[in-house]
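# A look at the structure
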Amino acid sequence: KAGIPLGVMKVLDPCQLKPDTVETERILTVLDETIVKLEITRLIPRVIGSLERYSRMLGHEITSSLLEHQKLSMEIQHLLTSPGDEESKRAVEKRLKCSLRNILRLFLANPLLYHGLKYKVRVRESSADVFIKAFMEFRDFMLEKLLTSPDEEKEKVQFMKDISLRVEKNTETISALQEELAAVIQTRDEELSKKDKTIENLKTSMEDLARDCKAEIQHIMEEGENQQKEDEKASKDRCARLKQDLQLLGARFNALVLEHRASELVLRKEKCKTETEVQKWVQKYDTDMTEKQATYEELQAVYSEEKDQLSLLMEKHALLLQEYTEIEEERRMLKEKEEEAAREEARRNNAATCIQAFWKGYLVRSIYKSKLKKGKGKGRGKGK
């Protein structure tokens with residue numbers, strides 16, 4: 001990477017490619033939206049096939065749009081299989097395209113729904129996946145072309161030429177290494193032939209060893225037969241002793257059987273006694289449970305009656321509570337009216353007080369003015 005130019009690195013490493021102009025961003029936005037629309041279009045047939053399963057997740061509007069799209073698809077398939085009017089076919093195709101655009105608009109308005117369906121709906125691989133993958137590659141190619149300047153393109157071409165020269169040099173090196181490898185392989189084959197001869201010699205010595213072993217085995221077999229005869233004799237003696245032990249054990253077994261039969265008889269009597277007592281306890285349990293069941297039924301009847309009374313009381317309480325609420329509301333309204341009347345009365349009193357004060361001030365000013373006029377008139381008469 002240290003020897004690769006920066007422009008070439010940007011082209012070779014798509015992670016370093018970033019839009020640098022508004023026009024580039026707009027073009028990439030259109031391509032990305034087209035990829036999303038293609039993926040949604042790929043999911044639509046699968047979603048329509050399991051519409052009942054995804055209806056709650058999709059909502060009423062999208063579900064109804066998908067049902068309408070399904071009807072139009074069936075209609076266009078029927079028209080394509082049967083010869084008919086071309087105008088009707090074009091009209092249905094136009095409606096189908098409008099329906100698809102409407103569905104894409106609804107999905108694009110809800111990105112979370114699209115991403116949820118993308119990971120929830122399983123779609124088999126088809127030619128649509130190949131087309132989407134090719135379109136993604138086209139998007140990366142367009143990004144590369146939009147972000148590659150002429151100078152960077154020249155650097156890329158020069159870099160590819162340098163790479164070609166390196167490949168030629170590496171090819172020559174590989175040819176030389178292959179020749180060395182052939183020589184090494186020949187040397188190894190010669191060593192293998194020597195080892196094969198050694199193996200043949202070892203096989204011959206092993207055959208000689210096998211003949212010696214056969215004689216040894218024959219000797220061992222004879223000794224084994226003698227040992228077998230001695231073991232058979234010892235086995236017969238042991239069988240005789242075991243028969244005697246078996247007779248003794250049979251006698252002891254018969255004595256134990258007689259003893260166990262007597263104890264079994266005693267246990268049977270105790271079992272009969274226990275069963276009788278158990279039967280008595282069962283009868284007593286049935287009697288007690290019958291009495292308790294009767295008591296329970298009486299208590300249940302009393303409980304049902306009290307429950308009915310409680311329901312009546314609850315109904316009455318609800319009516320009384322409603323009446324109480326209405327009375328409280330009337331009281332509140334009356335209180336508000338009284339407070340409003342009191343405030344109105346206070347405003348009137350304040351207004352009357354202000355008017356009276358103004359009137360008194362007016363009277364005082366009038367009296368004062370009249371006295372001033374009289375004083376001025378007297379002063380003029382004295383001057384004359």
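As recorded in an unreviewed UniProt entry, the protein chain goes by Dynein regulatory complex protein 10 and comes from Pycnonotus jocosus. Per UniProt, the comment on the protein chain under Function (unreviewed entry) is "Component of the nexin-dynein regulatory complex (N-DRC), a key regulator of ciliary/flagellar motility which maintains the alignment and integrity of the distal axoneme and regulates microtubule sliding in motile axonemes." In the Sequence similarities (unreviewed entry) part of its UniProt record, the protein chain is described as follows: "Belongs to the DRC10 family."

Counting its regular elements, the protein chain contains eight helices and zero strands. Counting over 384 residues, the protein chain shows a buried share of 13%. Within the protein chain, contacts between residues at least 6 apart in sequence are counted, and of these 70% link residues at least 24 apart. For the protein chain, the accessible area works out to roughly 32,900 Å², and carbon and sulfur atoms hold 58% of it.

With that settled, the discussion passes to a negative patch on the surface. A cluster of acidic residues, Glu216, Glu222, Glu223 and Glu225, forms a negative patch at the surface. Looking at where Glu222 falls in the secondary structure, it is placed in helix H8 (residues 150-383).

Turning next to the side chain of Thr63. Of note, Thr63 is situated in helix H4 (residues 60-81). Not counting chain neighbours up to four residues away, the residues in contact with Thr63 comprise Leu51, Ser55 and Leu58.

Looking now at the packing of helix H2 (residues 22-49) against helix H7 (residues 127-147). Across the interface, H2 lies against H7 with an axial gap of 10 Å and an inter-helix angle of 175°. Taken as axis vectors, H2 and H7 run roughly antiparallel relative to one another. Contacts between H2 and H7 pair Thr24, Ile27, Leu28, Leu31, Asp32, Thr34, Ile35, Leu38, Glu39 and Arg42 from the former with Ala128, Asp129, Phe131, Ile132, Phe135, Met136, Phe138, Arg139, Met142, Leu143, Leu146 and Leu147 from the latter. Here the residues of the contact of H2 with H7 sort into 15 nonpolar, two polar and five charged.

Counted by the stated rule, this structure contains twelve salt bridges. The partner of Asp32 in a salt bridge is Arg139, with the nearest N and O atoms 3.0 Å apart. With Asp32 in helix H2 and Arg139 in helix H7, this pair connects stretches of sequence that are 107 residues apart. Glu329 is the salt-bridge partner of Arg332, the closest N and O atoms lying 2.2 Å from each other. Residue Arg332 and its partner Glu329 are both found in helix H8; the two are separated by three residues, about one turn of the helix. Given the relative accessible area of 38%, Arg332 is considered partly exposed.

Okay, H2 next. Between the first and last C-alpha of H2 there are 41 Å, a value that for 28 residues agrees with the 40 Å anticipated at 1.5 Å per step. Considering bend angle alone, the principal kink of H2 is centred on Leu43 and spans about 30°; proline Pro45 follows within four residues of it.

On inspection of all chains with the given rule, the structure shows three aromatic pairs. Among the aromatic residues, ring-to-ring pairing joins Phe131, Phe135 and Phe138 into one connected group.

As a further point, take the confidence of the model for the protein chain. Should pLDDT be low for a region, the predicted coordinates there are not to be read in detail. The predicted model of the protein chain has a mean per-residue pLDDT of 80, with 89% of residues at 70 or higher. Mean pLDDT values for the elements of the protein chain range from 44 in helix H1 (residues 6-12) up to 84 in H8.

Conventions and cut-offs
In every chain, residue numbers begin from 1 and rise along the written sequence. Local features in this predicted model are restricted to residues of pLDDT 70 or higher, and side-chain atom pairs are both shown and tallied only at a pLDDT of 80 or more, whereas totals for entire chains, interfaces and linings draw on every residue. No hydrogens and no water enter the side-chain calculation; it runs on all heavy atoms of the structure. UniProt positions are given in the numbering used here, feature names are shortened, and annotations may be inferred rather than shown by experiment. Helix numbering and strand numbering both begin at the N terminus, where a helix is a DSSP run of H or I of at least 4 residues and a strand a DSSP run of E of at least 2. When a residue's accessible area, from a 1.4 Å probe over protein chains only, is under 20% of the maximum for its type it is buried; when over 50% it is exposed; and in between it is partly exposed. Any two residues whose heavy atoms approach within 4.5 Å are treated as being in contact. All accessible-area figures derive from a Shrake-Rupley calculation using a 1.4 Å probe, and residue coverage is judged against the displayed protein chains alone. In this scheme, patches are assembled from residues that exceed 30% relative accessible area and form no salt bridge. Like charges are connected within 9 Å, while nonpolar side chains (Val, Leu, Ile, Met, Phe, Trp, Tyr) are connected within 5 Å. Between Lys or Arg on one side and Asp or Glu on the other, a salt bridge is scored when a side-chain nitrogen of the former is within 4 Å of a carboxyl oxygen of the latter. Charged residues are defined narrowly, with Lys and Arg counted positive, Asp and Glu counted negative, and His plus the chain ends left uncounted. Note on charges: their place is set at NZ of Lys, CZ of Arg, CG of Asp or CD of Glu. To obtain an axis, a line is fitted to C-alpha atoms, over the contacting stretch when the element is a helix, and the angle between two such axes runs from 0 to 180 degrees between their N-to-C directions. The cut-offs work like this: below 35 degrees is roughly parallel, past 145 is roughly antiparallel, 65 to 115 is roughly perpendicular, and the gaps in between are oblique. Gly is put with the polar residues, along with every residue not named as nonpolar or charged; the nonpolar set is Ala, Val, Leu, Ile, Met, Phe, Trp, Tyr, Cys and Pro, and the charged set is Asp, Glu, Lys and Arg. What a helix should span is 1.5 Å times the count of its residues minus one. By definition, a residue's bend is the angle between the axes fitted to the seven residues ending there and the seven starting there. Note on aromatic contacts: the rings of Phe and Tyr and the six-membered ring of Trp form a pair at centre separations within 6.5 Å, being stacked when their planes are under 30 degrees apart, edge-to-face when over 60 apart, and tilted otherwise. Each residue gets a pLDDT score, which is the predictor's confidence in that residue and runs from 0 to 100.

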